[in-house]
Amino acid sequence: MPESVAAPDRAVLEPLAREALGEITNPKHVGALRDVTIADDVATVRFSTTQGGYPGWAWTVSIAVNPGMEPAILETELMPGDGALVAPDWVPWADRLEDYLAQQAESGAADDADDDSEDDSDDDEHEDDDHELDDDVDGVDIDLHADDVDGDDGDEDDEDDLDDDEDDDDLDDEDDLDDDDDESDEDDDSGL
């Protein structure tokens, strides 16, 4: 059984603190001894951390050092130091939701104002447009190039096609009349 320590001794507290930290973390993550402070019969032993992602943090072990009693571990923890990277302060959900809704309302109002100004500018642009260019594609009049595929303007071919269609219709009408005449002649022969 270890003897009780009358006055806290750094040589006794450091190995005791390292042993306590070995129970909660890998011993290789515990670095060099930083300092030992004693206040109100509690010794605080701090070690640097070698664990990645925790720059500026320190392993801290609180040890009870009451006179006439052996030292006892009170608490072990990893604590941020000055300049350490820490999470932001906790904000209650109701407050975060209220801020979020206020931000959305402001954003929506700004978007509506932007949309209105864009609509006005679009209307101004369309008022200046020349409506004769409605059949333009990327500034090219498609009517001018539609008939130039074969190198001629194609207007004569269209007229010829129309004439042929009319002639065919006339011939069909004459054939129908001839058929009607033949049927009436047959009716007359049967009555004799």
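Residues numbered from 1 in each chain as written. Predicted model: local features only at pLDDT ≥ 70, side-chain atom pairs only at ≥ 80, totals over all residues. Heavy atoms only, no water.

Undergrad: With reference to specific residues and values, describe the overall build of the chain.
TA: Secondary structure summary: the chain contains 4 helices and 6 strands in total. Each helix and strand of the chain, placed in order from N terminus to C terminus, yields the pattern α-β-β-β-β-α-β-β-α-α. In the chain, which comprises 192 residues, the proportion classed as buried is 14%. Sequence-distant contacts, at least 24 apart, represent 37% of the contacts inside the chain between residues at least 6 apart. Accessible surface, the chain: about 15000 Å² in total, of which carbon and sulfur atoms supply 47%. (Helix = DSSP H or I, 4+ residues; strand = E, 2+ residues; numbered from the N terminus. Buried < 20%, exposed > 50% of the residue type's maximum accessible area, 1.4 Å probe, protein only. Contact = heavy atoms within 4.5 Å. Areas by Shrake-Rupley, 256 points an atom, 1.4 Å probe, with all protein chains shown as cover.)

Undergrad: Before we move on, can you summarise the packing of aromatic side chains with the specific residues and values?
TA: To describe a pair of aromatic rings, you give the distance between the ring centres and the angle between the ring planes. The tally for this structure, following the rule as stated, stands at 1 aromatic pair. A centroid spacing of 5.3 Å and a plane angle of 85 degrees characterise the contact between Tyr54 and Trp57, whose relative ring orientation is edge-to-face. When its relative accessible area of 15% is taken as the criterion, Trp57 is described as buried. (Phe/Tyr/Trp six-rings, centres within 6.5 Å; stacked < 30°, edge-to-face > 60°.)

Undergrad: Before we move on, can you summarise a nonpolar patch on the surface with the specific residues and values?
TA: Nonpolar side chains collect at one region of the surface, where Trp93, Leu97, Tyr100 and Leu101 lie side by side and expose about 440 Å² of accessible area between them. Judged by its relative accessible area of 55%, Trp93 is exposed. (Patch = residues over 30% accessible without salt bridge, like charges linked within 9 Å, V, L, I, M, F, W, Y side chains within 5 Å. Salt bridge = Lys/Arg side-chain N within 4 Å of Asp/Glu carboxyl O.)

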